[in-house]
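# Residue-level structure breakdown
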Amino acid sequence: IRVSTKRICLPSSCHPFSLAPFPLLLLQFNLSSSKILLVALKIFLSLLAPAFCVHSAGVHELRLAEEISLAPEKVLSLDQISPQQGTLQAFKFITPTKFIQKRLRTMAAVDDVTIQRFVAMLESKGIKAVVFDFDCTITIKHSSGRQRIEKMPSYLEDNISPVFHKLLPALLGASFKVGVATFADSYRAPAGYVAGEALVRQHFKHYFQDEFTAQVPVVAAYPENYQEEVHWRARGLSGPMPNSKEYHLRLLAQQFGLEAPQVALVDDDKNNILSAKQDRHPTVLVRARNGLMPSDLVEPQ
């Protein structure tokens, strides 16, 4: 945590900003940190910080704000600062949920022409199936692989990439095969949680009802869970599961009856992308890791 009273530097652009002379917090924080640390941070904020400043327009940082239940008046987005002018514009406090909605409207809006061009480009490349990662590709917020049953409504709210929302029907309408390859895994999930394939299915049902459920197979497996022989054998493997989407893509390609160059992967993890390329899969990298964006609809590499 870095605290500044007058000037703050946005890490992605390193532009200094002159802000009002009250303490602001710039958080660079790992969401996997312990609950004890989160509680300590909440207490610190409530006592010392009149404003909470989230850097780099990150939905991940906003998830932290939600996790520690920051009051709306303590949340300010650095997206509201102009890097060119170095000044605050439209200065107002917003809640994390409203910020996510605002980002989606302004950054993820996509028209039908863009979608159809992307579908046509896939066809021209001989691609017949598209496999999507789930967390931060189809969704905006990361699930951490599972969600408490009672928290599912809030998790599902405003948690789909508008691009994917339009792209899925377009792909299926053009006779593409579509699958989901995710590290979300129900293995070892505690009672009272929705995890793995069930999590993906509930998400799809929320946004697409039952329209596409039967048409989209899901492979949900977290490689670290299948490193011991008893576990990887249960998955029909001859050795530990690779730490990538190799297993997921191979299984889906077999289900589709297609070869690797005909099955594209759309994912926000560079390691998964590199591994898929090595196996001859076309790939599309989701660069912002806040859900598939219009700028990601480029020619698969």
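Predicted, not measured: the structure shown is a model, and the values here were computed from it.

## Let's talk about the overall build of the protein chain
Check the secondary structure of the protein chain and you find 11 helices and 15 strands. Split into buried and exposed, the 301 residues of the protein chain put 48% on the buried side. Looking at the protein chain alone, contacts between residues at least 24 apart form 64% of all its contacts between residues at least 6 apart. Total accessible area on the protein chain stands at roughly 14700 Å², and carbon and sulfur atoms take up 53% of it.

## Concerning the side chain of threonine 139
With respect to the helices and strands, the residue threonine 139 is situated in the loop between helix 5 (134-138) and strand 10 (146-148). In this structure the side chain of threonine 139 is engaged in a polar contact, spanning 2.9 Å, whose partner is the backbone oxygen of lysine 141.

## Regarding helix 11 (residues 270-278)
Residue pairs three or four apart in sequence face the same way in an α-helix, which turns once every 3.6 residues. Along helix 11, the positions that sit buried rather than exposed are Asn272, Ile273, Ser275 and Ala276. Each buried residue of helix 11 lies within a common arc of 165° when the element is viewed along its axis, so the set occupies one face. Along helix 11, exposed side chains directed more than 90 degrees from the buried face belong to Lys270 and Gln278. Its buried side turned inward, helix 11 meets helix 10 (246-256), strand 14 (263-267) and strand 15 (283-285). You can read the cap of helix 11 off the contacts: a side-chain oxygen lies 2.8 Å from the backbone nitrogen of asparagine 271, and it is on aspartate 269. In the stretch just after helix 11, arginine 280 is the one whose phi turns positive, near 75°.

## Things to note about the packing of aromatic side chains
Counting across every chain of the model gives 7 aromatic pairs. Ring geometry for tyrosine 187 and tyrosine 226: centres 5.8 Å apart, planes at 35°, overall tilted. Of this pair, tyrosine 187 sits in the loop between strand 11 (177-182) and strand 12 (193-195) while tyrosine 226 sits in the loop between strand 13 (218-220) and helix 9 (229-234), placing them 39 residues apart in sequence. For tyrosine 187, a relative accessible area of 28% corresponds to the partly exposed category. Members of the aromatic cluster, joined through ring pairs, are Phe132, Phe164, Phe204, Phe208 and Phe212. Across the ring face of phenylalanine 183, the terminal group of lysine 245 is positioned such that the distance to the ring centre comes to 4.9 Å.

## Describing the environment of isoleucine 127
Mapped onto the secondary structure, isoleucine 127 falls in the loop between helix 4 (112-124) and strand 9 (129-132). C-alpha of isoleucine 127 to C-alpha of proline 261: the two residues are 134 residues apart in sequence and 7.0 Å apart in space. Non-local contacts of isoleucine 127, meaning those with residues more than four positions away in its chain, are made with Leu122, Phe176, Pro261, Gln262, Ala264, Pro282 and Pro300.

Definitions and cut-offs
- Each chain has its residues counted from 1, following the order in which its sequence is written.
- A pLDDT threshold of at least 70 governs which residues receive local features in this predicted model, and a stricter bar of 80 or more applies before side-chain atom pairs are shown or counted, although totals over entire chains, interfaces and linings include all residues.
- Side-chain numbers come from the whole structure's heavy atoms, not from hydrogens or water.
- Helix numbering and strand numbering both begin at the N terminus, where a helix is a DSSP run of H or I of at least 4 residues and a strand a DSSP run of E of at least 2.
- The rule is simple: take the accessible area with a 1.4 Å probe, protein chains only, and divide by the maximum for that residue type; under 20% is buried, over 50% is exposed, in between is partly exposed.
- Between two residues, a contact is recorded if the distance between any of their heavy atoms is within 4.5 Å.
- Here the Shrake-Rupley method, with its probe set to 1.4 Å, supplies the accessible areas, and only the displayed protein chains count as covering residues.
- We call two N or O atoms a polar contact when they sit within 3.5 Å, provided that within protein one can donate a hydrogen and the other can accept it, with sequence-adjacent residues counted only if both atoms are side-chain atoms.
- Picture the helix axis, draw a direction to every C-beta atom, and the arc is the one those directions span.
- In summary, the pairing rule links any two rings of Phe, Tyr or Trp, Trp by its six-membered ring, whose centres are within 6.5 Å, and it sorts them by plane angle into stacked for under 30 degrees, edge-to-face for over 60 and tilted for everything else.
- Definition used: whenever NZ (Lys) or CZ (Arg) falls within 6 Å of the ring centre and also within 35 degrees of the ring normal, the charge is taken to sit over that ring.

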